[in-house]
Each structure stands twice: as structure tokens, then as C-alpha cells.
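Descriptive structure summary
The residues making up each chain are set out below.
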Amino acid sequence: MTRPKPLDRADPAAEAVRPLTYYHATANAHKARARLQGEHQADVCVIGGGFTGLSAAYELANRGFRVILLEAASIGWGASGRNGGQICTGFSSGMARIAAQLGREDAQRCFRIAEEGKVMIASNIAEHGIACDLQWGYLHVAPKPSAMDDLKEMQEEFDAYGYGGTELIDRDALMARLQTSAYHGALREARAGHFHPLNYCLGMADACEESGVAIFEDSRALAVEDGARPKVMTAQGSVSAKFVVAAGSAYLGGLIPAIRRKIMPVGSFVIATEPLPDDVASNLIRDDEAVADTNFVLDYFRMTADRRLLFGGRCAYSGFIPNNVEPWMRPRLRRIFPQLADVKIDYGWGGFIDITMNRIPDIGRVQDTIYYAQGFSGQGVVVGTVCGRLLAEAIAGQANRFDLLARIRHTPFPGGVARTPLLVLAMMWYRLRDAIS
Ligand SMILES: Cc1cc2nc3c(=O)[nH]c(=O)nc-3n(C[C@H](O)[C@H](O)[C@H](O)COP(=O)(O)OP(=O)(O)OC[C@H]3O[C@@H](n4cnc5c(N)ncnc54)[C@H](O)[C@@H]3O)c2cc1C
């Protein structure tokens, strides 16, 4: 079923020439892993070494499965090692869309599943001593007065799903916490936050190996031969397994055609400033929260452990990320923090977000032996992690929770020549809506 298509533009090989990210420049000491060579056997072959693949591999190995994980580039090379590092609550779609498809009770189960992802991250960090600068606290900020109503609705939804304790903050109180006059207020969560996502992934790769997972880097799956015992082919080797888990997300390209059009790779850009003087850094975001605005094309930012402002945003629907993202991002940074107009930008990069049409994750089976999870739509840190567990549960024969999310229907994106122009049009509409509503 799966002869490889030509390389996708959202492809690790194409990314290899990109500039260094802040995360790669500050990665904990880690080893390079060998390329897959020769023929191998496993219970499960996991494709992709990001949050989802690492979590699935770890959870499977701890259930007694022999697991081989293939990563096309290096651990965390995809979105997992280049994101905003924000540990978010719930799903990118919000809960109403999920409830509309599954009913209120099952939507509640989905919300609990997402919350479990946070617990998994915290306990993996504690259990394996992963140094990744975990910090709790999150501010959803209102870029226009009408967005305060959205934040109230968000709070009501959180309350209705049993996630209490959030706090609405007015403009003056927010300005004491966040040194900008750009926002009209905020919703504060104590139980969401931020961390260094690449260091988390590197720590989880070590934890996987301690649990018996064999990890191969520079080992792109080029084809998956389906059947009762699928076989994954790389340039120099193969893995024959009882099950395959596809966790390549926006970077999977056309490897598994049946799931390709259910997501769209959308570029998002991030910059990291030079380290800021102590007094500037400690006042910019007083309580060191992660911050994101409520726009569809949102800005998100936070401080790093070494006092840089890490600032992300923008959406690129063309499939290309420019080598120099600073000209795109500096004006956005300046609009929020004019006092940083002349700050030096030390790092700038981009990555591909795996969006679905309805912004709800897309998980399922291509056939009985091939499972996948993708489409986290900008909130894959937590949800990708917990989906790794759901994949493992399903393969181990307890598919209740996996099937709950797999029941959600997804509309594929248009293919062929219409794909990009239609998305650009949709994008223009959302930008317009951000500006006028
Ligand atoms: C710039 C940016 C900012 C973001 N900010 C946030 C945020 O703050 N919070 C949040 O929750 N989410 C955020 N996201 C989304 C989040 O990063 C992703 O949803 C999440 O990392 C997806 O994890 P994953 O493991 O499913 O996929 P990925 O991390 O993309 O990993 C897929 C891996 O599979 C590998 N791969 C692909 N094809 C193959 C193949 N054929 N063979 C072998 N390996 C293959 C790739 O090299 C890659 O390493 C952001 C994304 C981006 C790009």
C-alpha cells in the first residue's frame, strides 16, 4: 500500500539545513544513535521520535512489548523539539466540538484523558530526573476587548469540565504581571505551564532505552508493507513487526497515503532573544508563566531558564519556512514589547504544526496492525504524550480509550493543486476575523 511518494516539503531531510534552534543549542548532553541496518524483528515498530512516538514506545515497552523506534533525523527533530514548550490544557478545538460529536459524557472522558497527559509529563520528569526547566503557570491573554468574553467562556467551559481554580484578571492587574499594555486582561491557569521540550524528549529517549526500546536515528521509514505482519523499510534495513505505530505527524509526508490528507502541515515561527538583564527578565513576565493570546493566528511566548524571551507565532501555509524568520517575527515582538525593540535575536527557526480541519486530534487504525496518532493542531505536547499511552493500551488489547477518540470524524483537506490556495484563503479569512471581531 505504501510505496514512498517524493519527499514532502515538511520533511526532516529538507529541515536538516535549517538554522540551529535555541533548544538544540541548549540540549542536554546526549548520544547519537545508530542507523538501522539489516533485518530486524519486533512486536511493535514505532515511526517517529517526538512526544507521541517516544511516549508510545515507552508505554509499550513497559507493557512487555519488544519495540523498535525509527526516527528519520534525530530524537525531537520534528515539532517536538522546536515548539513553544507550552504545556496546555484540553484540546486545540475546545470541548464544544468534541461534545458535538461524542456527547457531553464522552467529551468529559476526553478532557480527563488530556489532563492525564500533564500528569504523565510531570511524573516522567520526576521518575527519570529529566532536567527540562519545568515551570507551572499559564496566561491566556485578550488582544482585544471582545476577547474578554472568550476568556469568560473558556473559564466556564473549564469549570463545567471540572477544571476549576482559574482566575480572570483585568487589564490593570495583568499589567502588573506582564510588562505590556497590549492586552485587555487574561485568564490564569496554575496547572498549565512550560518547559524545554527537546530536553524532555531526550530524557524520554533514555527512559525508553532503559525500558528496552531499541532506537535508531537517521533511519527514515521509506515504505510500509502492509499485511498481518507489516514490514517497515528503511534505506539500509527493515523491521518486521506485529504492529506499526505511525507517529510522524506533520513530518510523515506521504508514507501512509490513507492518513496524509487528514492533516495539513502549517509552519509556525519562533525566535529567542539574547539573555535579558536580570531586572528586565524578572519583570517582563513577573510569575514566569507561559503566555498565549486568543487569536486564531496567535502569538505565544515565555521566558527560558537562561532569561531569554522565546516568542512564537505566525502561520505559513505554503509548506516553506524561510531560513531567516526574524523579519517576520521581530515586528510582532515589538508590538507586544516595544521596550525590546532593539534586543538581539540569537535564534530563529520554524516548524510544522499538524492541523486537522476540526482541530481535534486524529487517531485510529489504517488496518488491524497499523495504528497512528496525529493532528494535535498546535497542542501536541500534552495530547501527543497521552495519545502514546492510548496507542499502547489499544495494542495491548484495551482499546476503550483509544476508540473513544478514534470515533471522532475528520474531513480530509483537499488534495492536489487546490490544497495550498484553499488553505491560504481560509487563513486570510481567519486573519481578518482576528482583526475585526
Ligand atoms: C513552532 C511550533 C510551536 C508549537 N508550540 C506548541 C506548544 O507550545 N505547545 C504544544 O502543546 N504544542 C505545540 N506545537 C505542536 C507540537 O509541537 C506537536 O503537536 C507535537 O510535537 C507533535 O508531536 P509528534 O511526536 O506527534 O510529532 P513530531 O514531534 O513532529 O515528531 C515526528 C517525528 O517523526 C519523524 N518522522 C517523520 N516521518 C518519518 C519517517 N518516515 N520515518 C522515521 N521518522 C519519521 C520526524 O523526523 C519527527 O522527529 C508547536 C509546533 C510547532 C511546529
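See the structure printed just above.
Only a predicted model underlies this, so the values are computations on that prediction, with no experimental measurement involved.

Thresholds, definitions, all that
- Residues numbered from 1 in each chain as written.
- Predicted model: local features only at pLDDT ≥ 70, side-chain atom pairs only at ≥ 80, totals over all residues.
- Heavy atoms only, no water.
- Helix = DSSP H or I, 4+ residues; strand = E, 2+ residues; numbered from the N terminus.
- Rg over C-alpha atoms; globule rule 2.2 N^0.38 Å.
- Buried < 20%, exposed > 50% of the residue type's maximum accessible area, 1.4 Å probe, protein only.
- Contact = heavy atoms within 4.5 Å.
- Areas by Shrake-Rupley, 256 points an atom, 1.4 Å probe, with all protein chains shown as cover.
- Lys, Arg positive; Asp, Glu negative; His and termini not counted.
- Charge placed at Lys NZ, Arg CZ, Asp CG, Glu CD.
- Near = heavy atom within 4 Å.
- Polar contact = N/O pair within 3.5 Å; in protein donor to acceptor, adjacent residues only side chain to side chain.
- Nonpolar A, V, L, I, M, F, W, Y, C, P; charged D, E, K, R; others polar.
- Axes fitted to C-alpha atoms, helices over the stretch in contact; angles between N-to-C directions.
- Parallel < 35°, antiparallel > 145°, perpendicular 65-115°, else oblique.
- Left-handed = near helix turned anticlockwise from the far one by under 90°.
- Core = buried A, V, L, I, M, F, W, Y, C linked by side-chain atoms within 4.5 Å.
- Pairing = 2+ DSSP bridges.
- 1 Å grid on protein atoms, 1.4 Å probe; cavity = no way out; pocket = protein on both sides within 12 Å on 5 of 7 lines; lining within 4 Å.
- Points joined across faces, edges and corners; volume = space filled by probe spheres on them.

Structural notes on the overall build of the protein
Each helix and strand in the protein was counted, giving 14 helices and 17 strands. On C-alpha atoms alone, the protein measures out to a radius of gyration of 21 Å, which is about the 22 Å that the 2.2 N^0.38 rule sets for 437 residues. Across its three principal axes, the protein shows a C-alpha extent of roughly 60 × 50 × 45 Å. Out of the 437 residues belonging to the protein, those deemed buried represent 57%. Long-range contacts, defined here as pairs at least 24 residues apart, represent 76% of the contacts in the protein between residues at least 6 apart. By element, 52% of the accessible surface of the protein is carried by carbon and sulfur atoms, the whole surface being about 17000 Å². On the protein, the mean spot of the 47 positive side-chain charges and the mean spot of the 48 negative ones are 6 Å from each other.

Topic: the site of the ligand
Near the ligand you find 40 residues, and of these Thr52, Glu71, Ser80, Gln86 and Ala221 are the closest. Residue Ser80 places a side-chain N or O atom 2.5 Å away from an oxygen atom belonging to the ligand. For the ligand, a nitrogen atom lies 3.1 Å from a polar atom in the backbone of Tyr251. For the ligand, whose unbound accessible area comes to 1000 Å², protein coverage reaches 99%. Counting residues per element, the ones that place at least two in the shell around the ligand are helix H3 (51-61), strand S11 (264-273), strand S15 (345-355) and helix H12 (380-395). The leading source of residues in the shell around the ligand is S15, at four residues. Class assignment of the residues belonging to the shell around the ligand gives a composition of 18 nonpolar, 18 polar and four charged.

Some remarks on the environment of Gly253
Looking at where Gly253 falls in the secondary structure, it is placed in the loop between strand S10 (237-246) and helix H9 (257-260). Expressed as a C-alpha distance, the spacing of Gly253 and Met264, which sit eleven residues apart in the sequence, is 9.9 Å.

Things to note about the packing of helix H5 (residues 104-128) against helix H8 (residues 197-210)
Where H5 contacts H8, the two axes come as close as 10 Å, and the packing angle between them is 65°. Our classification of the angle between H5 and H8 gives roughly perpendicular. Read as a crossing pair, H5 and H8 show a hand that is left-handed. The residues of H8 that touch H5, namely those facing Met120, Ile121, Asn124, Ile125 and His128, are Tyr200, Met204, Ala207 and Glu210. Classifying every residue of the contact of H5 with H8 by side-chain character gives six nonpolar, two polar and one charged.

A short note on the nonpolar core
Judged by nonpolar contacts, the single largest core of 84 residues is most densely connected at Ile98, Phe195, Tyr200 and Val245. In terms of residue count, H12 provides more of this core than any other element does, ten residues in total. When sequence neighbours within four positions are dropped, the list of residues in contact with Tyr200 reads Phe51, Met120, Ile121, Asn124, Ile125, Ile130, Cys132, Phe195 and Thr385. Membership of the second largest hydrophobic core comes to 31 residues, among which are Ala186, Ala281, Val291 and Val343.

Some points on the pairing of strand S2 (residues 67-70)
Residues of S2 alternate between two faces, with Val67 and Leu69 on one and Ile68 and Leu70 on the opposite face, all of them buried. The pairing of strand S1 (residues 38-47) with S2 spans four bridges and is classified as parallel. Bridge assignment links Ile47 to a residue of S2, and that residue is Leu70. Judged from the three bridges that link them, S2 and strand S7 (residues 214-216) form a sheet pairing that is parallel. What sits directly across from Leu69, in S7, is Ile215.

Notes on the environment of Gly397
Tracing the backbone shows Gly397 in the loop between H12 and helix H13 (400-406). Placed 217 residues apart in sequence, Gly397 and Thr180 show a C-alpha to C-alpha distance of 51 Å.

Focus on empty space enclosed by the protein
This model, assessed by the stated rule, comprises two cavities of 30 Å³ or more. Lining the second largest cavity we find Phe51, Leu54, Ser55, Asn124, Tyr200, Met204 and Thr385. For the lining of the second largest cavity, the secondary-structure elements that each account for two or more residues are H3 and H8. It is H3 that provides the largest number of residues to the lining of the second largest cavity, a total of three residues. Residues that form the lining of the second largest cavity fall into these classes: four nonpolar, three polar and no charged.

Geometry only, nothing functional implied.
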